[in-house]
Amino acid sequence: MRIKRLVALAAMTAMAVSAAACGGSDDNTGGGGAAPEKTFEAGTTMERLHKAQKITIGTKFDQPGFGLKGLDGKPAGFDVEIGKIIAEELGIPEDKIEWVETQSAVREQVIEDGKVDIVVATYTINDKRKERVDFAGPYYVAGQHIMVRADDNSITGPDSFKDGTKKVCSVTNSTPANNIKKYLANEAQQLVLFGGYQECVDALAGGQVDAVTTDNVILLGYVARSEGKFKLAGEKFTEEPYGIGLKKGDDKFRDFINDVLEKIFEDGRYEQAWKETAGKFDPVLPEPPAIDRY
């Protein structure tokens with residue numbers, strides 16, 4: 001019996017050594033483990049990124065629920081999860097993603113300059129932006145809203161700015177900033193622009209502005225974190241389809257990302273990403289929008 005136990009132990013040891021040799025860490029994949037075996041058409045962006053085992057993704061660092069930098073220095077949110085899924089489908093481990101803070105004013109520029117491979121940053125698809133970059137998606141449709149101080153009942157919607165006395169804050173080169181202009185009696189005096197939304201939130205808290213405007217789910221995040229200081233005023237007044245920005249003319253990469261989005265709409269990963277991030281502020285699961293394969 002002792003001999004049989006020794007033989008069995010030796011066999012198990014040999015199997016463990018073999019498994020370790022097959023599944024051990026690879027210098028090219030870091031702590032994330034070996035990338036799944038995937039093949040892509042030669043010469044495509046997908047092949048280049050897969051071979052490099054690295055992807056650079058632009059996202060926001062100041063938007064609760066979508067892209068907010070944590071104490072660990074890494075961003076977290078729905079956009080971040082979508083970026084991770086795209087990397088996963090390319091066979092790139094999560095620890096090989098480089099996250100780059102990408103404010104609204106520079107999104108097209110960082111794509112054109114090749115500083116990022118994609119931008120997933122509450123990025124509304126519109127025709128003007130399509131002149132410079134391409135979009136996969138949309139993967140979510142937001143709506144513009146207004147946030148005010150909790151004790152302010154004077155603002156009930158965008159029409160409240162038509163009297164010319166109230167100041168509203170948004171972000172430079174953002175869709176919400178452009179949308180709100182049509183409601184302002186005096187744009188130069190009423191519209192306050194910053195590089196990021198946290199600056200707008202700080203200005204609202206300090207009384208320098210009367211409201212902040214951007215997309216609903218972003219503002220819900222700020223309201224949830226404000227300990228009762230802020231609230232939403234009125235209803236959503238636009239539809240903002242969020243897309244994934246990439247270099248103009250890279251049709252095969254755009255098709256690949258669109259395929260990934262349609263896949264996760266069905267396999268549960270989209271729902272899981274929402275529930276773990278923006279869904280904490282808005283528990284209603286969004287209806288996945290139709291992909292625009294223009």
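The structure this text deals with has already been given above.
Computed from a predicted structure; not experimentally measured. (Residues numbered from 1 in each chain as written. Predicted model: local features only at pLDDT ≥ 70, side-chain atom pairs only at ≥ 80, totals over all residues. Heavy atoms only, no water.)

A. Expanded view of the pattern of salt bridges. A complete count under the given rule lists 23 salt bridges for this structure. Salt-bridge contacts for Asp292 lead to Lys130; the nearest nitrogen and oxygen are separated by 3.8 Å. Residue Asp292 is found in the segment after α11 (269-276), and its partner Lys130 is found in helix α5 (residues 127-130); the two are separated by 162 residues along the sequence. We classify Asp292 as partly exposed; its relative accessible area is 36%. Among the salt bridges present, the one from Glu187 reaches Lys181, with a minimum N-O distance of 3.8 Å. (Salt bridge = Lys/Arg side-chain N within 4 Å of Asp/Glu carboxyl O. Helix = DSSP H or I, 4+ residues; strand = E, 2+ residues; numbered from the N terminus. Buried < 20%, exposed > 50% of the residue type's maximum accessible area, 1.4 Å probe, protein only.)

B. View of the pairing of strand β13 (residues 240-247). For β13, a buried count of 6 out of 8 residues is recorded, marking the element as mostly surrounded by other parts of the structure. Where strand β7 (residues 133-142) lies against β13, 7 bridges are found, and the strand directions are antiparallel. Across the sheet, residue Ala142 finds its bridge partner in β13, namely Glu240. (Pairing = 2+ DSSP bridges.)

C. Up close: the state of the cysteines. Tallied over the entire structure, the rule returns 1 disulfide. Across a sulfur-sulfur distance of 2.1 Å, Cys169 and Cys200 are joined as a disulfide pair. Negative torsions about the S-S bond denote left-handed disulfides, and the value of about -70° found for Cys169 with Cys200 makes this one left-handed. With Cys169 in strand β9 (residues 168-171) and Cys200 in helix α8 (residues 197-206), this pair connects stretches of sequence that are 31 residues apart. The same class applies to Cys169 and to Cys200, which are both buried. (Disulfide = S-S within 2.5 Å.)

D. Here's a closer look at the side chain of Thr214. As for its position among the elements, Thr214 is in strand β11 (residues 211-215). Given a relative accessible area of 1%, Thr214 falls into the buried group. A polar contact of 3.1 Å, which involves the side chain of Thr214, links it to the side chain of Tyr197. The contacts of Thr214, once residues within four sequence positions are left out, are Gly143, Gln144, His145, Pro176, Tyr197 and Leu219. (Polar contact = N/O pair within 3.5 Å; in protein donor to acceptor, adjacent residues only side chain to side chain. Contact = heavy atoms within 4.5 Å.)

E. Just the sheet that holds β11, in detail. Strand order across the open sheet formed by 5 strands is β10-β9-β11-β8-β12, with mixed pairing between neighbours. Single-partner strands in this sheet number two, and they are β10 (191-194) and β12 (230-233). Within the sheet, the average angular offset between the axes of one strand and its neighbour, ignoring direction, is 35°. Pairing of β9 with β10, which is carried by 4 bridges, proceeds in the parallel orientation. When the bridges of β10 are listed, Val168 appears paired with Leu191. Most of the contacts of α8 go to β11, to which it runs at about 150°, and overall it touches β8 (144-149), β9, β10, β11 and β12. Where helix α9 (residues 216-225) meets the sheet, its contacts fall on β8, β11 and β12, and the angle it forms with β11 comes to roughly 130°. (Axes fitted to C-alpha atoms, helices over the stretch in contact; angles between N-to-C directions.)

F. Examining empty space enclosed by the protein more closely. In total, this model carries 2 cavities of 30 Å³ or more according to the counting rule given. Residue lining of the largest cavity: 14 residues in total, with Thr122, Pro176, Tyr197, Thr214 and Asp215 positioned closest to the centre. Elements represented by at least two residues in the lining of the largest cavity include exactly α6 (175-180) and β11. Residues belonging to the lining of the largest cavity are distributed by class as follows: 4 nonpolar, 6 polar and 4 charged. (1 Å grid on protein atoms, 1.4 Å probe; cavity = no way out; pocket = protein on both sides within 12 Å on 5 of 7 lines; lining within 4 Å. Points joined across faces, edges and corners; volume = space filled by probe spheres on them. Nonpolar A, V, L, I, M, F, W, Y, C, P; charged D, E, K, R; others polar.)

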